[in-house]
Amino acid sequence: MKLAITGFSNSGKTTVFNALTGLNLETTTYPTLISTHPEPHTGVVKIHDKRLERLATIYRRKKTVYATIEYVDFPGITSARSGGDTSQNIKVFDLIKGADAIVHVVRAFEDDTIIHPLGKTDPVRDVKSFETELVLGDLEFVEKRLERIELSAKKGKKQDESEKQLLLKCKDALEHEISLRNVSFCDEEKKLMPIYEFLSVTPEIIVLNIGEKDIGTEKVKNFRDEIENYFKEIHQDAIPPGSESDRPVITLCGKIEMEIAQLPHDEAKAFLVDLGIDEPAMHLLCKVPYDTLGLISFFTVGKKEIKAWTIKKNTEAQKAAGKVHSDMERGFIRAEVISYDNFIASDEDMVKAREKGLVKLEGKHYVVQDGDVINFKFNV
Ligand SMILES: Nc1nc2c(ncn2[C@@H]2O[C@H](COP(=O)(O)OP(=O)(O)OP(=O)(O)O)[C@@H](O)[C@H]2O)c(=O)[nH]1
Ligand SMILES: [Mg+2]
């Protein structure tokens, strides 16, 4: 799973990246330019899963393989409205395309010595402005694509009307500054949408980067409420609540979390208690994308390794087998499945679980559930 950390310059993206990955990249008080940092920074984090760890202590295989999140840190974007040069944005957006979700770092800390492109600290303004930049990015893309269609039509090439109609529908919304996540699409259109990798439908997690002095204060709560209310307002006529347009808001103090991420485990724990932080950002954020992206985990116990796999909700068994190996998908016969909870409830004993009939034989259309422990039977 790949998450793109992005947002306006000097919002604390690199600081948050360090907090999430435990790495120690340089943070600066001046905006980083893509010309000086053309390659984004990448950090890979294991997703801790107590269930996987429990299975590992029961089965004692050589290796335990966690699911991972890859975080990518980009230079900041600027706003056209504030008179900034937005040529960097398009380059940053090109890099973001292909990510499973955007982690949007929004500045909520105050420091007059660190210049923000939009001025005084104002998280709601930043959330709105960022959305506008995504919309403009998508609009530019749609216009180029339509131009190309126009051109090939002039050359007498056969047209794909459904593509053109979809792009025109998107263009109309984008020109009215409506983000595509707030537009309803029919099933046919939904099938076409993923190929364009539109920015304004990419799942987005908002990280409010708050000041050290503001942890646990009313001020932070207000910032958060304002953003959530804004989302509710714009979603009212569009998509029902609980759908993919939901954008979770997380608050954390990047600067402190970055320091914590560099500490040994015990020291970090004591520090967190002192500060009244329940769970470090690193762990908190690992959980969110699963919900936001509609993902689940299943487990396999092999001869050498115990492994967690990440799949989308509603994936059928045969497709899930393909995650493990393409041969397993091709030659799929059936899946032996037990839920993690049932396994634990059978005294962590597969023989007992079998006696109780809790190990089920499932066919290729079985919808894999979060926490399933699966043994795929296949033949190629
Ligand atoms: N006081 C305070 N300062 C912070 C916090 N987070 C980041 N900063 C400071 O803000 C400045 C910019 O931080 P970066 O993490 O480099 O910001 P960025 O968004 O990566 O910046 P660009 O990549 O240049 O767009 C640095 O001086 C950080 O120390 C915070 O939570 N509190
Ligand atoms: Mg940076």
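Residues numbered from 1 in each chain as written. Chains lettered and ligands numbered in written order. Predicted model: local features only at pLDDT ≥ 70, side-chain atom pairs only at ≥ 80, totals over all residues. Heavy atoms only, no water.

Caption draft 1: Focus on the sheet that holds strand S6 (residues 204–209). With mixed pairing, the six strands of this open sheet are ordered in space as S2-S4-S1-S5-S6-S7. Of all the strands in the sheet, just strand S2 (41–46) and strand S7 (249–252) have a single pairing partner and so form its edges. Sheet twist, expressed as the mean angle between neighbouring strand axes with direction ignored, is 25°. Looking at chain direction, strand S1 (residues 2–6) and strand S4 (residues 68–73) are connected through four bridges and run parallel. (Pairing = 2+ DSSP bridges. Helix = DSSP H or I, 4+ residues; strand = E, 2+ residues; numbered from the N terminus. Axes fitted to C-alpha atoms, helices over the stretch in contact; angles between N-to-C directions.)

Caption draft 2: Spotlight on the environment of Pro203. In this fold, Pro203 is placed in the loop between helix H6 (187–192) and S6. The sequence separation of Pro203 and Ile69 amounts to 134 residues, and the corresponding C-alpha distance is 15 Å. Ignoring anything within four residues of it in the chain, the contact list for Pro203 reads Asp100, Ala101, Ile102, Arg181, Thr292 and Leu293. (Contact = heavy atoms within 4.5 Å.)

Caption draft 3: Here's a closer look at the environment of Ser162. By the secondary structure assignment, Ser162 is in helix H5 (residues 161–175). By relative accessible area, Ser162 is classed as partly exposed at 42%. Taking the C-alpha atoms as reference, Ser162 lies 42 Å from Val373; in sequence the two are 211 residues apart. Among the polar contacts made by the side chain of Ser162, one reaches the side chain of Asp160 at a distance of 2.8 Å. (Buried < 20%, exposed > 50% of the residue type's maximum accessible area, 1.4 Å probe, protein only. Polar contact = N/O pair within 3.5 Å; in protein donor to acceptor, adjacent residues only side chain to side chain.)

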